[in-house]
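Listed below, chain by chain, are the residues.
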Amino acid sequence: MKKQKAKAIIVGGSIAGVSCAKALTCAGWDVVVIEKSRAPTTASPTGAGLGLDTLSQKIIQSWLPHPEPFYKVTLPLPIDQNRATDGEKKVNWVLTRDENLNFRVAHWTDLHALLYNTLPREIFLWGHQYISFCISEDKTSVKVKAKDLQTNEIIEVEGDLLVAADGACSSIRQSFLPDTKLRYSGYCAWRGVLEYSGKNLDTMMGFRKAYPDLGRCLYMELAPGTHSTLCELMYERLNWIWYINQPEPQLKVIPLS
Ligand SMILES: Cc1cc2nc3c(=O)[nH]c(=O)nc-3n(C[C@H](O)[C@H](O)[C@H](O)COP(=O)(O)OP(=O)(O)OC[C@H]3O[C@@H](n4cnc5c(N)ncnc54)[C@H](O)[C@@H]3O)c2cc1C
């Protein structure tokens, strides 16, 4: 008799969700992904340039039939440089420079699409919001309730494993670890991607003059009360994040309906 496959329920279809789905599928599991977004995202509200260390690169490549698509969407990042800036004197100096970083960097959307396209479409329940879970008395299975956001219908999915890939504010983690609170890092950050293909050429010339290793270096600039990171992505895009130290802002908590 063929043994029935174990089934995992993954909540969240972002980078962590698709990565878990891929790892578990490769290990022979049945997988269902519950994701509240209506469709596969073409842009991420969080994160843009994702740095991949050597282990991540190895794992992702092991999931792909050919290595080329991975190299098409990632740029090598061999250098990591930290620079300090004195804004008043308008000078900066190198604090550290590591030429053995061995990272590659991908745009969130490209990496997500790369992994998503290797998975069967039917495992994804788009437009479904996770509501709650309960564990069977003998602790061998888990039942998850989710709401179809289009019809408001509540569905139940049963499985052997529940994976909380629902992000930094995970409601599943809150059920398991109610006392674990997020800790404020001390700064707020803005991020963006500048697409410069055929445009913004003067700006890019200025950038290349100020950052001569763009295209192979992860730059970190540090100044009193602020820091920023900068690196180039494939297909003529520049990824930046700008951090400002400030007291913790009061964030609105949107309750699950
Ligand atoms: C402002 C900001 C900028 C960032 N910039 C960068 C960057 O430039 N580079 C970088 O490497 N990292 C960056 N990060 C960190 C990066 O976003 C995270 O490391 C990465 O997105 C985490 O991926 P994830 O899959 O764990 O979670 P997320 O990307 O947060 O995905 C969680 C998923 O779960 C879904 N979900 C949540 N609740 C439910 C529910 N109840 N039911 C169904 N689905 C649900 C969400 O819709 C979402 O798709 C940034 C983070 C923030 C907040």
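All residue numbers here refer to positions counted from 1 along the written sequence of the relevant chain. Local features in this predicted model are restricted to residues whose pLDDT is 70 or higher, and side-chain atom pairs enter the listing and the counts only when it is 80 or higher, whereas totals over whole chains, interfaces and linings include all residues. The basis for every side-chain value is the complete set of non-hydrogen atoms in the structure, without hydrogens or water.

Q: Please clarify how the sheet that holds strand 7 (residues 103-107) should be interpreted in this entry.
A: Each strand in a sheet pairs with another by means of backbone hydrogen bonds, the pair being arranged parallel or else antiparallel. If DSSP finds at least two bridges between two strands, the strands pair. Only runs of H or I of at least four residues qualify as helices and only runs of E of at least two qualify as strands under DSSP, and these elements are numbered from the N terminus. Taken in spatial order, the three strands make up an open sheet running 3-7-4, and their pairing is antiparallel. Unpaired on one side and paired on the other, strand 3 (49-52) and strand 4 (74-77) mark the two borders of the sheet. Recorded for the sheet is a direction-independent mean angle of 30 degrees between the axes of neighbouring strands. Examined bridge by bridge, strand 3 and strand 7 share four bridges and lie antiparallel to one another. In this description, a line fitted to the C-alpha atoms serves as the axis of each element, helices being fitted only across the stretch in contact, and the angle between N-to-C directions of two axes falls anywhere from 0 to 180 degrees.

Q: Explain the packing of aromatic side chains here, please?
A: In this description, a pair of aromatic rings is defined by centroid distance and the angle of the planes. Two aromatic rings from Phe, Tyr or Trp, using only the six-membered ring of Trp, form a pair when their centres are within 6.5 Å; if the ring planes differ by under 30 degrees the pair is stacked, by over 60 it is edge-to-face, and anything between is tilted. Per the counting criterion, the structure on display carries nine aromatic pairs. Between Phe 124 and Trp 126 the ring centres are 5.3 Å apart and the planes differ by 10 degrees, which places this aromatic pair in the stacked class. Taken individually, Phe 124 and Trp 126 each receive the classification buried, so the pair is uniform in this respect. Consider the rings of Phe 207 and Tyr 211, whose centres lie 6.2 Å apart with planes at 35 degrees: the pair is tilted. The classification of residues rests on relative accessible area computed with a 1.4 Å probe and restricted to protein chains. Under 20% of the type maximum is buried, over 50% is exposed, and intermediate values are partly exposed. On the accessibility criterion, Phe 207 (24% relative accessible area) is partly exposed. The class of Tyr 211 is buried, set by a relative accessible area of 15%. Through a chain of ring-to-ring contacts, three or more aromatic side chains come together here, namely Tyr 116, Phe 124 and Trp 126.

Q: Explanation requested: the nonpolar core in the structure shown.
A: Across soluble globular proteins, nonpolar side chains have a tendency to be buried as a group. In this description, a nonpolar core means a group of buried Ala, Val, Leu, Ile, Met, Phe, Trp, Tyr and Cys residues linked to one another through side-chain atoms lying within 4.5 Å. Formed by 26 residues in total, the largest nonpolar core has its most connected members in Ile 10, Val 31, Ile 60 and Phe 124. Ranked by residues supplied to this core, first place goes to helix 4 (residues 108-116) with five residues. When near neighbours in sequence (up to four residues on either side) are disregarded, Phe 124 contacts Val 18, Val 33, Tyr 116 and Leu 119. Membership of the second largest hydrophobic core comes to 13 residues, among which are Ile 9, Val 11, Val 32 and Ile 172. Any pair of residues with heavy atoms lying within 4.5 Å of one another is described as a contacting pair.

Q: Would you mind showing me how to read the pairing of strand 7 here?
A: Within a regular beta strand, the side chains point alternately toward one face of the sheet and then the other, so they alternate between its two faces. With four of five residues buried, strand 7 lies mostly within the body of the structure. Here four bridges tie strand 4 to strand 7, and the two strands are oriented antiparallel to one another. Across the sheet, the residue bridging to Leu 77 is Phe 103, located in strand 7.

Q: Looking at this structure, I do not really get the site of the ligand. What am I missing?
A: Here a residue is near a molecule or strand as soon as one of its heavy atoms is found within 4 Å of it. Taken together, 21 residues lie around the ligand, and Ser 14, Ala 16, Glu 35, Gly 49 and Tyr 130 are the ones closest in. Here a polar contact is taken to be a pair of N or O atoms separated by no more than 3.5 Å, where protein atoms must pair a possible hydrogen donor with a possible acceptor and residues adjacent in sequence count only if both atoms sit in side chains. Contact distances for the ligand include 3.4 Å between an oxygen atom and a backbone N or O atom of Ile 15. Backbone polar atom of Lys 36 to a nitrogen atom of the ligand: 3.2 Å apart, as the coordinates give it. In isolation the ligand has 990 Å² of accessible area, and contact with the protein removes 67% of it. Counting residues per element, the ones that place at least two in the shell around the ligand are helix 1 (15-26), strand 3 and strand 9 (128-135). The dominant element in the shell around the ligand, judged by the number of residues it contributes, is strand 9, at three residues. For this classification, Asp, Glu, Lys and Arg are treated as charged, while Ala, Val, Leu, Ile, Met, Phe, Trp, Tyr, Cys and Pro are nonpolar and the rest, including Gly, are polar. Each residue belonging to the shell around the ligand can be placed in one class, and the counts come to eight nonpolar, nine polar and four charged. Accessible areas in this description were obtained via Shrake-Rupley with a 1.4 Å probe; residue shielding takes into account the shown protein chains only.

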